[in-house]
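# Close look at the chain arrangement
Chain by chain, the residues:
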Amino acid sequence: MRSIFRVAGTSNRNHYIYCVVEESLVVKIGNVWYTNFMKIQVIISVLACKLTRFAIRLLGRGGTDFPGRVALKLCPNLLGFLAKDVTTILVTGTNGKTTTSRMIEQSLLDSGISFFANKSGANLLSGVTAEFAANSTWTGKCRYTHALIESDEAALKQISSYVDAKVIVVTNVFRDQLDRYGEVSHTLENLKIGISHSPNAVLCLNADDSLCTSLADGVQNPVIFYGVNTPVYENRVEELSDAPYCIHCKHEYVYDYVTYGHLGGYRCPNCGYQRPQPSVCVNKILQSDMDGTQVVFQVDDRLEKAKIHLPGGYNIYNACAAMTVGKALGLSVKTVAQSLDHFACGFGRMEKFNLGQAQMRMILIKNPAGCNQVLNFVTDFSQPFIFVVCLNDRAQDGKDVSWIWDVDFEKLVQMGDVLTHLYVSGIRAEDMAVRFLYAGMPREKITVMKDYTQLLKVCTTQENPIYCMPTYTAMLELRGIISKEYGYKNFWE
Amino acid sequence: MELRICHLYPDVLNLYGDRGNVICLEQRLRWRGISVETSGVSIGQPFCPENYDLCFIGGGQDFEQEVLLADLKGEKTQQIKAAIEDGIPFLAICGGYQMLGQSYKTWDGHQFDFIGAVDFYTVGSAQRMIGNYMFTCEDLPGTKIVGFENHSGKTYLGPSVKPMGKVLKGYGNNGEDKTEGVRYQNVFGTYSHGCLLPKNPQLCDYILTVALTRKYGQCQLQPLDDSLENNAHHYMQSRLERQ
């Protein structure tokens, strides 16, 4: 054995050592040593992954997960090999993962860093493995120095056991699809395990989210907190708090201000647990309109103005997370701030389409917290618009649609004639229609239209702008028809 | 006419759309010109049964349930029992339903004493019972109730109470004896959360009738246009029947 040149990870699940024995590679993952045999296995699985992906694309399909599952069958540790020399940034949390990743992506591009990202939204172990394979040579060497990976909250613990992350961002923790993730405490537990596999990673945590900041308790990782020092909405929707009671002593929190949901300047009057002072924060909101928000960031002692070219208070948080990753990677504050003005938003995240004469913005919805934030944004409009909601109940959407009753759609009804008409679609369109009826929407303003092609046809004839809120699988279907009929890129391109 | 609704622990027991049931009760009264006032009673706040004509209690997360047990140790347990014996209608969903029973035994052997207002108990299990489901309703012969259940507790009814109905699809109280929910005095307990009442307007009107009859001696609710509600109900009923 000539030399052991790297030891990474201390937790049992992430323990790998590799060394060079007479010019051949020997790698230890877990308790097992692998030799050249393993290398052959890697080559075969990378090739299998690339070929399946190519075949799926030839068929004109967007399967992003399947090639990874094939590769993992052939080589369960594949991700560990592919990622071992790559500086990886993991982005996780309930809401804002994709938008935050697109912002970070632009800042990496503008900083001249060589990287790839899992843009298609495949954020489970198999999808991430496939993305690494696609960006590696057939011998398993990554073509880039950095990887920007969006990770599902529950999948983080798997991904982080193979990847020695340099930075982990947790955007926020809200109640999400209960049939998939269980209670908030369960999501937090999963995130904690995920972080424990990456003891060297810099944690970028949302200081305004008491659930998120609790992830810093008792870990050795360097932590950078980020937050918003000021309320973001003048007239917020009514929403339930997902964390009204202190995570440590179960007393009710007191808030100096609330930005949205359970986020804001919280403190526990009993045990003193409180919002940590963020070192990256938004100090001031200068202006906000339908196209974006102008803010002043403070990074340590430095002030930096920036224009975030996506509207909505929640995107201020996403931008703040991107600034924090910039700090963790040592990027220029100015470069990162400027990148916020021209990043490409993720598919279905406030994405703009021209459908014939009509303009549509598509905004993905998946849980009450995210949906309420979209309403906070649209209820500021004074120009007439049309609203479309597409509610599906497949596994990826959440099989339980009762969350629509936790969304303050009543606020939309209060807008009166500014909302000219409402179309409800998707597998559970009827449930959505009932929700709006009970929110007080006049019956004649609600149209149930389950067929997407017909729905999009109706949209093209509208004079007023259309705001379309689909759940995940509804978004993929709508996006597919729009790509085909109106010449937009497919989501995997 | 007026109905006063009490929403018990609205900030704690509010899991997944449970307030939809309150919205439904309120709107179906307003649409008929009956005034309605809803008040929340939370931790540390007194519950005076004589101030209310109908009580609602929803489901919650385990974390918050612990906060709640401390509050119930005080006077509230006696007051809730008295209210139920006095015939005030209670609609209790999921965690709130379990809480009206005798006890909850976790899968690893810890036992928590609950309010004990109704004769049943719940045992935690490792398996979660999740999905759309359907059951009959003994108060409304011929009507099928559709809902969504998501619970790991298995509830077993005592001899002095009746189930709300019989499970047609899904798990119900425990996945074993085909019962769903509980009926005792004017208590309606069920695992069907979120949009139970909006999608089952007949059940909503039945509970309102019970409350109004108790208060005013008699009550004949005007029919409403339930076409949208019935569409949502029929969609789920036929989907479940195809399974």
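Residues numbered from 1 in each chain as written. Chains lettered and ligands numbered in written order. Predicted model: local features only at pLDDT ≥ 70, side-chain atom pairs only at ≥ 80, totals over all residues. Heavy atoms only, no water.

## Some thoughts on unusual backbone geometry
Here the phi dihedral of A:Met350 falls at roughly 60 degrees; this positive angle occurs in a residue that is not glycine. Checked against the element boundaries, A:Met350 lands in strand β16 (residues 349–355). With a relative accessible area of 3%, A:Met350 lands in the buried category. Of note in this structure, B:Lys178 is not a glycine but carries a positive phi near 65 degrees. In this fold, B:Lys178 is placed in the loop between β9 (165–169) and β10 (179–180). Taking relative accessible area as the criterion, B:Lys178 reaches 46% and is therefore assigned partly exposed. (Helix = DSSP H or I, 4+ residues; strand = E, 2+ residues; numbered from the N terminus. Buried < 20%, exposed > 50% of the residue type's maximum accessible area, 1.4 Å probe, protein only.)

## As for the side chain of B:His193
Structurally, the position occupied by B:His193 is in the loop between β12 (187–190) and α5 (196–199). Looking at B:His193, the relative accessible area reads 4%, which means it is buried. Of note is the side chain of B:His193, whose polar atom sits 3.2 Å from the side chain of A:Asp400. Dropping the residues within four chain positions of it, B:His193 is found in contact with A:Asp400, A:Ser402, B:Leu15, B:Tyr16, B:Asp18, B:Ile93, B:Phe148 and B:Asn150. (Polar contact = N/O pair within 3.5 Å; in protein donor to acceptor, adjacent residues only side chain to side chain. Contact = heavy atoms within 4.5 Å.)

## Quick look at the layout of surface pockets
As a volume, the second largest pocket reaches approximately 850 Å³. Lining the second largest pocket are 30 residues, and of these A:Glu183, B:Asp62, B:Tyr104, B:Arg128 and B:Ser152 lie nearest its centre. Mapped by element, the contributors of at least two residues to the lining of the second largest pocket are α8 (184–196) of chain A together with α2 (62–72), α4 (94–100), β7 (120–136) and β8 (144–157) of chain B. The class makeup of the residues in the lining of the second largest pocket is 9 nonpolar, 16 polar and 5 charged. (1 Å grid on protein atoms, 1.4 Å probe; cavity = no way out; pocket = protein on both sides within 12 Å on 5 of 7 lines; lining within 4 Å. Points joined across faces, edges and corners; volume = space filled by probe spheres on them. Nonpolar A, V, L, I, M, F, W, Y, C, P; charged D, E, K, R; others polar.)

## A few points about the interface of chain A and chain B
Tallying the contact residues gives 38 residues for chain A and 42 residues for chain B. Carbon and sulfur atoms supply 56% of the area that chain A and chain B bury against each other, a total of about 3,500 Å² over both sides. In this structure, the salt-bridge partner of B:Asp225 is A:Arg443, at a minimum N-O distance of 3.2 Å. The interface formed by chain A and chain B contains 12 residue pairs in polar contact (both at pLDDT 80 or more). (Buried area = accessible area lost by both parts, 1.4 Å probe. Salt bridge = Lys/Arg side-chain N within 4 Å of Asp/Glu carboxyl O.)

## A short note on empty space enclosed by the protein
Residues and elements named next belong to chain A. Scanning the entire structure with this criterion turns up 3 cavities of 30 Å³ or more. Taken as a whole, the largest cavity encloses approximately 120 Å³ of empty space. In terms of lining residues, the largest cavity is bounded by Phe-174, Arg-175, Glu-239, Leu-240, Asp-242, Gly-261, His-262, Pro-368, Ala-369, Asn-372 and Asp-406. Of the residues contributing to the lining of the largest cavity, the split by class is 4 nonpolar, 3 polar and 4 charged.

## A short note on a nonpolar patch on the surface
On the surface, A:Ile40, A:Ile44 and A:Leu74 cluster together into a nonpolar patch covering about 270 Å² of accessible area. Note on placement: A:Ile40 falls in helix α1 (residues 36–58). (Patch = residues over 30% accessible without salt bridge, like charges linked within 9 Å, V, L, I, M, F, W, Y side chains within 5 Å. Areas by Shrake-Rupley, 256 points an atom, 1.4 Å probe, with all protein chains shown as cover.)

## Digging into helix α12 (residues 368–378) of chain A
Structural remark: α-helix, 3.6 residues per turn; residues separated by three or four positions point the same way. With 11 of 11 residues buried, α12(A) is to be regarded as a mostly interior element. Every buried residue of α12(A) is listed here: A:Pro368, A:Ala369, A:Gly370, A:Cys371, A:Asn372, A:Gln373, A:Val374, A:Leu375, A:Asn376, A:Phe377 and A:Val378.

## Regarding the pairing of strand β3 (residues 54–57) of chain B
Residue and element names in this part refer to chain B. Here β3 shows a buried face lined by Leu-54 and Phe-56 and a second buried face lined by Cys-55 and Ile-57. Sheet topology places strand β1 (residues 2–8) next to β3; 4 bridges connect them, and they run parallel. Its bridge partner being in β3, Ile-5 is matched across the sheet by Leu-54. Note: β3 against strand β4 (residues 90–93), 3 bridges, orientation parallel. Counterpart to Cys-55 in the pairing with β4 is Phe-90. (Pairing = 2+ DSSP bridges.)

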